[in-house]
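Summary of structural features
Listed below are the residues making up each chain.
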Amino acid sequence: MQDGQIVLNQPAGHVENGETLQQAVIRETLEESGWQVTPQAILGIYAFTPFEGADTYHRVCIICHAEQHITDELDPDILGSDWFTREQIEALPQRSPLILQCINDYEQGQTHDLNMINNRHIDPN
């Protein structure tokens, strides 16, 4: 829900302390969609400011392979998890313009290697 309206979004969230970005992608996708995924590549890094004076949100969009559906128990603020066609997505209210931007970039074949992410210094020991 956003401003009282049901909106479409891709799985998203925050990286927990001590967690790699790839681990966060796996965890957040499972929590918000019920799907186990394997990160494959970085699609892109995006920034979005919803309105003047608002916080700017930064998104790292990761291309994943859907392995298997694990659970129907989702985060409490998620109303459901479904697969949609591009046409269906375009017809639905979306949380941000980044949803279609990511789809456009994916359809154009944009990818970056996951090795761009350096996780060597997460563990302070």
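The shown structure was predicted, so the numbers you read here are calculated from the model rather than taken from an experiment. (Residues numbered from 1 in each chain as written. Predicted model: local features only at pLDDT ≥ 70, side-chain atom pairs only at ≥ 80, totals over all residues. Heavy atoms only, no water.)

The next thing to look at is the packing of aromatic side chains. For the structure shown, the criterion picks out 1 aromatic pair. Ring geometry for Trp 35 against Trp 83: centres 5.5 Å apart, planes inclined by 85°, an arrangement best described as edge-to-face. One end of the pair, Trp 35, is in strand S1 (residues 35-48); the other, Trp 83, is in the loop between strand S2 (57-69) and helix H2 (86-91), with 48 residues separating them in the sequence. Trp 35 gets classed as partly exposed once you look at its relative accessible area, which sits at 22%. (Phe/Tyr/Trp six-rings, centres within 6.5 Å; stacked < 30°, edge-to-face > 60°. Helix = DSSP H or I, 4+ residues; strand = E, 2+ residues; numbered from the N terminus. Buried < 20%, exposed > 50% of the residue type's maximum accessible area, 1.4 Å probe, protein only.)

This part covers the nonpolar core. Grouped together as the largest cluster of nonpolar side chains are 8 residues: Ala 41, Leu 43, Tyr 46, Phe 48, Cys 61, Ile 63, Leu 98 and Cys 102. Per element, the largest residue contribution to this core is 4 residues, and it comes from S1. If we skip the residues at most four places from it in the chain, Ala 41 touches Cys 61, Ile 62, Ile 63, Thr 111, His 112 and Leu 114. (Core = buried A, V, L, I, M, F, W, Y, C linked by side-chain atoms within 4.5 Å. Contact = heavy atoms within 4.5 Å.)

Quick look at the side chain of Arg 59 now. The residue Arg 59 is located in strand S2 in this model. One buried charged residue, Arg 59, forms no salt bridge at all, with the nearest opposite charge on Glu 32 at 8.9 Å. Side chain to side chain, Arg 59 and Asn 9 meet in a polar contact 3.5 Å long. Polar contacts involving the side chain of Arg 59 include one to the side chain of Gln 10, which spans 2.6 Å. Apart from the residues lying within four places of it in its own chain, the contact partners of Arg 59 are Asn 9, Gln 10, Gly 44, Ile 45, Tyr 46, Ser 96, Leu 98, Ile 99 and Cys 102. (Lys, Arg positive; Asp, Glu negative; His and termini not counted. Salt bridge = Lys/Arg side-chain N within 4 Å of Asp/Glu carboxyl O. Polar contact = N/O pair within 3.5 Å; in protein donor to acceptor, adjacent residues only side chain to side chain.)

The next point concerns the pattern of salt bridges. Oppositely charged side chains can pair when the atoms bearing their charge come close. Inspection of the entire model under this criterion finds 6 salt bridges. With a closest N to O distance of 2.7 Å, Arg 27 and Glu 19 form a salt bridge. Per residue, the accessibility class of Arg 27 equals that of Glu 19, and both read buried. In this structure, Glu 90 engages Arg 86 in a salt bridge whose closest nitrogen and oxygen atoms are separated by 2.9 Å.

By themselves these figures say nothing about function.
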